[in-house]
Amino acid sequence: MRERSGVGVVCGFLVLLGALLTGCQSPAGGVAEDGRLGERTTGRAGETATVSPAPTRPSGYGAVFLAVGECSSFGTTSFTEVPCTGERAAARVAARHDGTVRDGPRCPSTTDFVLHISEQRPASDEDGDGAVPQGYACMRNLQPPHPGDPGGGGGPRTIVGDCVYGSGDGQVRETACDGTGRREPQYKVVRAVTERADCPSPTALYVRLGGKRPVGCARPL
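Residues numbered from 1 in each chain as written. Predicted model: local features only at pLDDT ≥ 70, side-chain atom pairs only at ≥ 80, totals over all residues. Heavy atoms only, no water.

Student: Kindly report on the state of the cysteines, identifying the contributing residues and their values.
Tutor: The tally for this structure, following the rule as stated, stands at four disulfides. At a sulfur-sulfur separation of 2.0 Å, the disulfide partner of Cys71 is Cys84. Taking the sign of the torsion about the S-S bond as the criterion, the disulfide between Cys71 and Cys84, at about 105 degrees, is right-handed. A residue pair is termed long-range when its members are at least 10 positions apart, and Cys71 in strand E3 (residues 71–72) and Cys84 in the loop between strand E4 (81–82) and strand E5 (91–98) qualify at 13 residues. Take Cys71: its relative accessible area is 0%, and that puts it in the buried class. The exposure class of Cys84 is partly exposed, given its relative accessible area of 27%. One disulfide in the model links Cys107 with Cys138; its S-S distance is 1.9 Å. (Disulfide = S-S within 2.5 Å. Helix = DSSP H or I, 4+ residues; strand = E, 2+ residues; numbered from the N terminus. Buried < 20%, exposed > 50% of the residue type's maximum accessible area, 1.4 Å probe, protein only.)

Student: Break down the pairing of strand E11 (residues 205–208) for me, citing the residues and quoting the values.
Tutor: Every second residue of E11 is oriented toward a common face, the buried set being Leu205 and Val207 and the non-buried set Tyr206 and Arg208. Here E11 runs beside strand E12 (residues 215–220); their pairing, made up of four bridges, is antiparallel. For Arg208, the partnering residue across the bridge sits in E12 and is Val215. Hairpin remark: E11 followed by E12, antiparallel, with six residues in the connecting loop; positive phi at Gly210, about 85 degrees. (Pairing = 2+ DSSP bridges.)

Student: Go over the sheet that holds strand E8 (residues 163–166), please, and point to the residues and values.
Tutor: Here we have five strands laid out as an open sheet, ordered E9-E8-E10-E12-E11, and antiparallel in their pairing. The sheet terminates laterally at strand E9 (172–175) and E11, the two strands that pair on one side only. The sheet shows a mean angle of 45 degrees between the axes of neighbouring strands, taken without regard to direction. (Axes fitted to C-alpha atoms, helices over the stretch in contact; angles between N-to-C directions.)

Student: Explain the pairing of strand E7 (residues 135–141) residue by residue, including any values.
Tutor: Buried residues dominate E7, accounting for six of its seven residues. Note: E5 against E7, seven bridges, orientation antiparallel. Across the sheet, residue Arg92 finds its bridge partner in E7, namely Arg140. Pairing of strand E6 (residues 113–117) with E7, which is carried by five bridges, proceeds in the antiparallel orientation. Pairing of Ile117 across the sheet is with Gly135, part of E7.

Any functional reading would require information that these geometric values do not contain.
Structure, rendered in structure tokens:
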């Protein structure tokens, strides 16, 4: 009786030991430190290591939405970032700033138009931080016409070489120097100076330009 009882104890111990060893094994894919299943890779001398799946990065054309050198589709209120070589590309970003146009740096002088970018907080964006801050992009058309060029009749800035007409409310507005605009040009900005006294004698109108030389000297046409 003692001999049979001894055999039973040994068998029970072996069964318990086997259960413990089985319970310590990982699933075939391994478990990462954060609790996610990962793939197993074999290292030196048959050792195994657990590799967690790399996070998926959202696809995009750059780390910043409409960064300098990138392109947008047509439209100034509804637009998307597109490859510059694609058929939908309309304009290229010449400068990109956060904040508002009023508070931020000025666009380059030959900017054709400005895209105002509203703040967005989607689940994920191009750089993976889940946010697109408010800002603006200074755009240059990929193909003519270029209203931001001197005399072009448009653009966010009035520069030397542009033409203007009186709007009737004490203000002037830009129009094309070649007469192709809706209004005929009346004056042409011929010089930019720091003070009105620096304008040449034929000056008939002073135009506010901003920048380091904020006064535009305009002569009649």
